[in-house]
Amino acid sequence: MQRVIATRASSDAPGQGDDGAMRTEFAFELPRGYLGPDGTVHRRGVMRLATARDELLPLYDARVQENAAYTTVVLLGRVITSLGTLGSVDGSVIENMFASDVAFLQDFYRRINAEGHTRIAVTCPECSHRFTADLAGGRLGES
């Protein structure tokens, strides 16, 4: 399987890159960022598509058996392949993220695994103009 990392979902076909190859990794940028133990803020990362194993293994984790809400922490720790300059990402990193970043990652996970893309429909609160934004990163005005 070919691995393609892209920061923008530019094709209309779910999970497909510009060249038609299947995308298995998706770049993202956290709204706030993970504050590392050394004070470094890590915002850019990569999440891979989840496998059935990724969704099954947390069920055997003692923390999940005690508290089902912990499933998100274990699952995100498995599918996030990089975050900033961190050497690895695991459940302890996810546990220490701001709640808004965890919510962003949960939505990002759902979009890439269930919908196959990272685009979201948005309506401007000022002028009611509708447009599509890409959750995979980039700032307004960037191409």
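What counts as what
Every chain's residues receive numbers from 1 upward, in the order its sequence appears when written. Selection of residues for local features in this predicted model requires a pLDDT of at least 70, selection of side-chain atom pairs for listing and counting requires 80 or more, and totals for whole chains, interfaces and linings are taken over all residues. Water and hydrogen atoms were dropped before computing side-chain values, which therefore reflect all heavy atoms in the structure. The salt bridge criterion pairs a side-chain nitrogen of Lys or Arg with a carboxyl oxygen of Asp or Glu, the two atoms within 4 Å. Only DSSP runs of H or I reaching four residues or more are called helices, and only runs of E reaching two or more are called strands; each is numbered from the N terminus. Note on exposure labels: buried denotes an accessible area under 20% of the residue type's maximum, exposed denotes more than 50%, and partly exposed covers the range between, all computed with a 1.4 Å probe on protein chains only. Excluding any residue in a salt bridge, patches collect residues exceeding 30% relative accessible area, merging like charges within 9 Å and nonpolar Val, Leu, Ile, Met, Phe, Trp and Tyr side chains within 5 Å. Surface accessibility follows the Shrake-Rupley procedure with a 1.4 Å probe radius. Residue values consider only the protein chains on display as shielding. When two cysteine sulfur atoms lie within 2.5 Å, the pair is treated as a disulfide. DSSP calls a pair of strands paired once it identifies at least 2 bridges connecting them. What counts as a ring pair is set by centres within 6.5 Å for rings of Phe, Tyr and Trp (its six-membered ring), and what kind of pair is set by the plane angle: stacked under 30 degrees, edge-to-face over 60, tilted for all other angles. Note on method: axes are straight lines fitted to C-alpha atoms, helices fitted across the in-contact stretch only, with angles between N-to-C directions ranging 0 to 180 degrees. For classification, angles of less than 35 degrees are called roughly parallel, those exceeding 145 degrees roughly antiparallel, those between 65 and 115 degrees roughly perpendicular, and all remaining angles oblique. Take the far helix as the reference: if the near one is turned anticlockwise from it by less than a right angle, the crossing is left-handed, and if turned clockwise, right-handed. Contact criterion: two residues are considered in contact whenever any of their non-hydrogen atoms come within 4.5 Å of each other. For this scheme, ten residues count as nonpolar: Ala, Val, Leu, Ile, Met, Phe, Trp, Tyr, Cys and Pro. Four count as charged, namely Asp, Glu, Lys and Arg, and the remainder, Gly too, count as polar.

The name an unreviewed UniProt entry assigns to the chain is Secreted protein, from the organism Agromyces ramosus.

Examining the pattern of salt bridges
Using the criterion set out here, one finds seven salt bridges in the structure. Note that glutamate 29 and arginine 43 form a salt bridge whose closest N and O atoms lie 3.7 Å from each other. Here glutamate 29, found in strand S2 (residues 25-35), pairs with arginine 43, found in strand S3 (residues 41-48); they are 14 residues apart in sequence, far enough to count as distant. For glutamate 29, a relative accessible area of 12% gives the class buried. Look at the salt bridges and you will find they share partners, linking Glu29, Arg43 and Arg44 into a network.

A few points about a nonpolar patch on the surface
On the surface, a cluster of nonpolar side chains totalling about 430 Å² of accessible area is made up of Leu56, Leu57, Leu59 and Tyr60. Along the chain, leucine 59 falls in the loop between helix H1 (52-56) and helix H2 (62-66).

Describing the state of the cysteines
Linking two cysteines covalently via their sulfur atoms produces the bond known as a disulfide. One pass over the structure, following the stated rule, counts zero disulfides. Looking at the unpaired cysteine 124, the closest cysteine sulfur is the one in cysteine 127, lying at 3.7 Å.

Some remarks on the pairing of S3
Sheet topology places S2 next to S3; seven bridges connect them, and they run antiparallel. Bridge pairing in S3 links phenylalanine 26 to methionine 47. Counting the residues in the hairpin turn of S2 and S3 gives five residues, including glycine 39, whose phi is positive at 90 degrees. Sheet topology note: the S3/strand S4 (residues 80-83) ladder contains three bridges and is antiparallel.

Let's talk about the packing of aromatic side chains
Taken as a whole and judged by the stated rule, the model has three aromatic pairs. Taking the centre distance of 5.6 Å and the plane angle of 65 degrees together, the rings of phenylalanine 28 and phenylalanine 108 count as edge-to-face. Placement of phenylalanine 28 in strand S2 and of phenylalanine 108 in helix H5 (residues 99-115) is noted, with a sequence separation of 80 residues between them. The burial state of phenylalanine 28 is the same as that of phenylalanine 108; both residues are buried. Through a chain of ring-to-ring contacts, the aromatic side chains of Phe28, Phe104 and Phe108 assemble into a single cluster.

Focus: the packing of helix H3 (residues 71-79) against H5
Where H3 meets H5, the axes come as close as 11 Å, and the angle between the chain directions of the two elements is 65 degrees. With respect to each other, H3 and H5 are oriented roughly perpendicular. The chirality of how H3 crosses H5 is left-handed. Seen from H3, the contacting residues are Thr72, Leu75, Leu76 and Val79; seen from H5, they are Val102, Leu105, Gln106 and Tyr109. In terms of residue class, the contact of H3 with H5 is built from six nonpolar, two polar and no charged.

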